[in-house]
Amino acid sequence: MDNQTPKSKTTTRRDFLKGTSLAAAGFMIVPRHVLGRGYVAPSDKLLIAGVGAGGKGESDIANFFASGKAEIAYLCDVDDRRSAKTRAKFPKAKYYKDWRELLDKEHKNFDAVSVSTPDHNHAIIALSAMQLGKHVYVQKPLTHDIYEARQMTQAAKQYNVVTQMGNQGASGDGVRQMREWYDAGIIGEAQTVYCYTDRPVWPQGIALPPKAPSIPSELNWDLWLGTAPFRDYRDKLVPFNWRGWWDYGTGALGDMACHIIEPAFRTLGLGYPYQAECSVGSVYVDEFERGYFPDGPPPSSHVVLKFKVPSKTQPGTMNDITFHWMDGGIQPARPEELGPNEEMGDGGNGVLIYGTKGKMMCSTYGINPQLLPTSRTKEVQVAQTLPRVKGGSDGHYAQWVEAAIAGPSSKEASLLSSSFDIAGPLTESVLMGNLAIRSFDIRKPNAKNKEDFDYPGRYITLLWDGPNMKVTNFDDANQFVRRTYRDGWKVLGS
């Protein structure tokens, strides 16, 4: 076997924070920070280092460049196979495998970092970049766990950098239309929200795949693992199916909820939930024998979160909102106002908001917002009170590029669709659902029969202290609030 040792021999975080060197970037453009914060360089171009250059990283990097206001200065990926197309498209961009080496050697030569890696490495890369004063764009979900999301939100303010999460629907017109309807009182006070998806579309709710005989020569497995516990290389985790394993991914919630929950979260002005509960689908491995696969999310789940929001009609009072998340193809009942042949959401995914005076719905990313019955969509007219993003969802990338060029105190930065002060709390709520799901699999030996097990986290309601990031009535659940990083991969007290 050519498995690498668990202890990385590459640059450590301590090493790259010690001293730096100014190397040629291969561009005739001076990084903006060298000329002073807020200075508009003659080229007016933002120099970006893309960490994660294949898959979603490939499209992210292409979209930054398509803005016309960015240059791709550096590329970084642990897998030469996945990054090949992007490296071919940007041959002048110097290529690294280890993001720590990139930051160590080149941080004086670029302005911003895009992070498009598996979920478990989002926070450590982005936090390290922010500590060096770099603007950051991070794919959804912002982080792997709740503690990381809180740290990212705070770090964006502490280091005064321009931030954006990659949930592009947040820049779409649909989200703004729904908020204008709601602010105008068209559906009254929100009471219940349903969000649903047909994902996962990868293996989930099963045992980990077996060890593979060898690691592909193009892949640095130790760097890919990053913050996750070391384990031997396994086939069919890279490049996509890692989403179905807790060490690396965040399941269907992490993959889709930042797209699907965001319209309702923004429209209703939600904050931290105060309680959570869930039910999950099961895989039976024999007669009456339920499989136990705690390494990954279940094949389907239904999460219920409760929020409190200020009343729109009775100042000084708080209303409850019950928020449902369903995945694995589970969907809510169709609203009675929806015609029998009308599509709910986009078929497999969607959002329903039930208010005291009416209902509205949309598809993934907030696309195709509609009042119910759908005939009301054209009949009801409200004033446009929220500015639109140029290009809508497609303008999400250019919006961040332009804000980074203008600086953190600029009007452009204040109008960002998913800066971390917005994306952080949203991600915390998403991951609160995963905390409930993971609590469902906590098991302990039965006191009377050691061969049997009890599952104390099942069929209960978790009471959540959002400001302090703590479950108050079931302490075992708090182990999922904050991960323990592998040695050599720690940042900001992790």
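Our structure's up above, just so we're on the same page.
Reading guide: rules and limits
- Residues numbered from 1 in each chain as written.
- Predicted model: local features only at pLDDT ≥ 70, side-chain atom pairs only at ≥ 80, totals over all residues.
- Heavy atoms only, no water.
- Buried < 20%, exposed > 50% of the residue type's maximum accessible area, 1.4 Å probe, protein only.
- Helix = DSSP H or I, 4+ residues; strand = E, 2+ residues; numbered from the N terminus.
- Right-handed = clockwise from strand over helix to strand, strands pointing away.
- Pairing = 2+ DSSP bridges.
- 1 Å grid on protein atoms, 1.4 Å probe; cavity = no way out; pocket = protein on both sides within 12 Å on 5 of 7 lines; lining within 4 Å.
- Points joined across faces, edges and corners; volume = space filled by probe spheres on them.
- Nonpolar A, V, L, I, M, F, W, Y, C, P; charged D, E, K, R; others polar.
- Axes fitted to C-alpha atoms, helices over the stretch in contact; angles between N-to-C directions.
- Parallel < 35°, antiparallel > 145°, perpendicular 65-115°, else oblique.
- Left-handed = near helix turned anticlockwise from the far one by under 90°.
- Contact = heavy atoms within 4.5 Å.

1. Some points on the pairing of strand β1 (residues 46–51)
Thought 1: Most of β1 is tucked away: six of the six residues are buried.
Thought 2: Residues of β1 alternate between two faces, with Leu-46, Ile-48 and Gly-50 on one and Leu-47, Ala-49 and Val-51 on the opposite face, all of them buried.
Thought 3: Considered for its hand, the β-α-β crossover made up of β1, helix α2 (residues 56–66) and strand β2 (residues 70–76) is right-handed.
Thought 4: One ladder, built from four bridges, connects β1 with strand β4 (residues 112–115); its direction is parallel.

2. As for empty space enclosed by the protein
Thought 1: Enumeration over the complete set of coordinates arrives at five cavities of 30 Å³ or more.
Thought 2: Taken together, His-144, Asp-145, Ile-146, Trp-246, Thr-250, Leu-431, Asn-434, Leu-435, Arg-438, Phe-480 and Arg-483 make up the full set of residues lining the largest cavity.
Thought 3: A total of four residues in the lining of the largest cavity trace back to one element, the largest contributor, which is helix α14 (residues 420–439).
Thought 4: Tallied by class, the residues present in the lining of the largest cavity amount to five nonpolar, three polar and three charged.
Thought 5: Approximately 50 Å³ is the volume attributed to the second largest cavity.
Thought 6: Those elements that place two or more of their residues in the lining of the second largest cavity are β8 (275–280) and α14.
Thought 7: Broken down by element, the residue count for the lining of the second largest cavity peaks at three residues, all from β8.
Thought 8: Of the residues that constitute the lining of the second largest cavity, the class distribution is seven nonpolar, two polar and two charged.

3. A look at the packing of helix α9 (residues 251–260) against α14
Describing two packed helices takes the angle between their axes plus the distance from one axis to the other.
Thought 1: Two elements in contact, α9 and α14, have axes separated by 10 Å at closest approach and are oriented at 150°. Compared by their axis directions, α9 and α14 come out roughly antiparallel. Both α9 and α14 take part in a crossing whose hand is right-handed. Residues Leu-253, Gly-254, Ala-257 and Cys-258 of α9 pack against Leu-426, Thr-427, Val-430, Gly-433, Asn-434 and Ile-437 of α14.
Thought 2: Along the lines of polarity and charge, the residues of the contact of α9 with α14 split into six nonpolar, four polar and no charged.

4. Here we look at the sheet that holds strand β12 (residues 318–327)
Thought 1: Taken in spatial order, the nine strands line up as β15-β14-β13-β7-β12-β11-β8-β18-β19 in an open sheet, and their pairing is mixed. Looking at strand neighbours, the two that pair on one side only are β15 (370–372) and β19 (470–471), the edges of this open sheet.
Thought 2: Here strand β18 (residues 462–465) runs beside β19; their pairing, made up of two bridges, is antiparallel. In the strand pairing of β19, Asp-465 is matched with Lys-470.

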